[in-house]
Amino acid sequence: DAGVTQSPTHLIKTRGQQVTLRCSPKSGHDTVSWYQQALGQGPQFIFQYYEEEERQRGNFPDRFSGHQFPNYSSELNVNALLLGDSALYLCASSLWTGKIMNTEAFFGQGTRLTVV
Amino acid sequence: AQSVAQPEDQVNVAEGNPLTVKCTYSVSGNPYLFWYVQYPNRGLQFLLKYITGDNLVKGSYGFEAEFNKSQTSFHLKKPSALVSDSALYFCAVRDKGTGRRALTFGSGTRLQVQP
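Since the model is a prediction, treat every value here as computed from it, not as a measurement.

### Things to note about the overall build of chain B
- What chain B contains, in helices and strands, is zero helices and twelve strands.
- Listing each helix as α and each strand as β along chain B from the N terminus yields β-β-β-β-β-β-β-β-β-β-β-β.
- A compact globule built from 115 residues would reach a C-alpha radius of gyration of about 13 Å, and chain B, at 14 Å, matches this within 12%.
- With respect to the three principal axes, the spread of C-alpha positions in chain B is 45 × 30 × 20 Å.
- Out of the 115 residues in chain B, the part that is buried amounts to 49%.
- The contacts in chain B between residues at least 6 apart in sequence include a share of 57% that link residues at least 24 apart.
- For chain B, the accessible area works out to roughly 5,300 Å², and carbon and sulfur atoms hold 47% of it.
- Here chain B carries 12 positive and 8 negative side-chain charges, and the mean point of each set is 9 Å from the other.

Have a look at this one:
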């Protein structure tokens, strides 16, 4: 079992550019969430995808968008990059079990994005 | 709104001694509580969770956590620390009542175990 895999591991972009990060969930999982972890802080929830739809969203601007594919993998897109977008972006996969919310999330190793 | 507080930025403990990493939470309903560990340049690794039932939860690598509803706390503990336990630890909460599935994390506590 490969677990949650993210690509690329590191990325350097210039202000104003656009970036796409990718995530493959753990085998058997159907839900993907994205988190942003700034240096020295805890992860902040960006959004969550299930059945190819955005189900919940955190307090992030519309520059942050995503997609989920039929094979449950997901992409995070960030447009018009700002210096403040520099962070570790974590993908987490889990099972969507209806009203039951007690399943733990499994995280990938993250993508370190640096905006210069 | 749900929130998590980890009051200590860093905890230092000698190898072989017991360790405690503190966490308090705030939710409107009943909580689901989680502990994760992060090693340098890595993602978060799940340690344990509290859902319901027994207030003492046992997890991976000898860690356990005690849920205290009256004090709204979920402290992480280990009877005997190892140097390899040195890492960044995050407490997280999910509010059962809201139906909101996003995890809310604390700011993290760096555990340093000295040989």
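Okay, back to it.
### Things to note about the sheet that holds strand S7 (residues 64-68) of chain A
All names here are of chain A.
- As summarised here, the arrangement of the four strands in space is S1-S3-S8-S7, forming an open sheet in which the pairing is antiparallel. Among the strands making up the open sheet, the edge pair consists of strand S1 (5-7) and S7. For this sheet, the mean angle separating the axes of adjacent strands, direction not counted, is 20 degrees.

Cut-offs and rules
- Residues numbered from 1 in each chain as written.
- Chains lettered and ligands numbered in written order.
- Predicted model: local features only at pLDDT ≥ 70, side-chain atom pairs only at ≥ 80, totals over all residues.
- Heavy atoms only, no water.
- Helix = DSSP H or I, 4+ residues; strand = E, 2+ residues; numbered from the N terminus.
- Rg over C-alpha atoms; globule rule 2.2 N^0.38 Å.
- Buried < 20%, exposed > 50% of the residue type's maximum accessible area, 1.4 Å probe, protein only.
- Contact = heavy atoms within 4.5 Å.
- Areas by Shrake-Rupley, 256 points an atom, 1.4 Å probe, with all protein chains shown as cover.
- Lys, Arg positive; Asp, Glu negative; His and termini not counted.
- Charge placed at Lys NZ, Arg CZ, Asp CG, Glu CD.
- Pairing = 2+ DSSP bridges.
- Axes fitted to C-alpha atoms, helices over the stretch in contact; angles between N-to-C directions.

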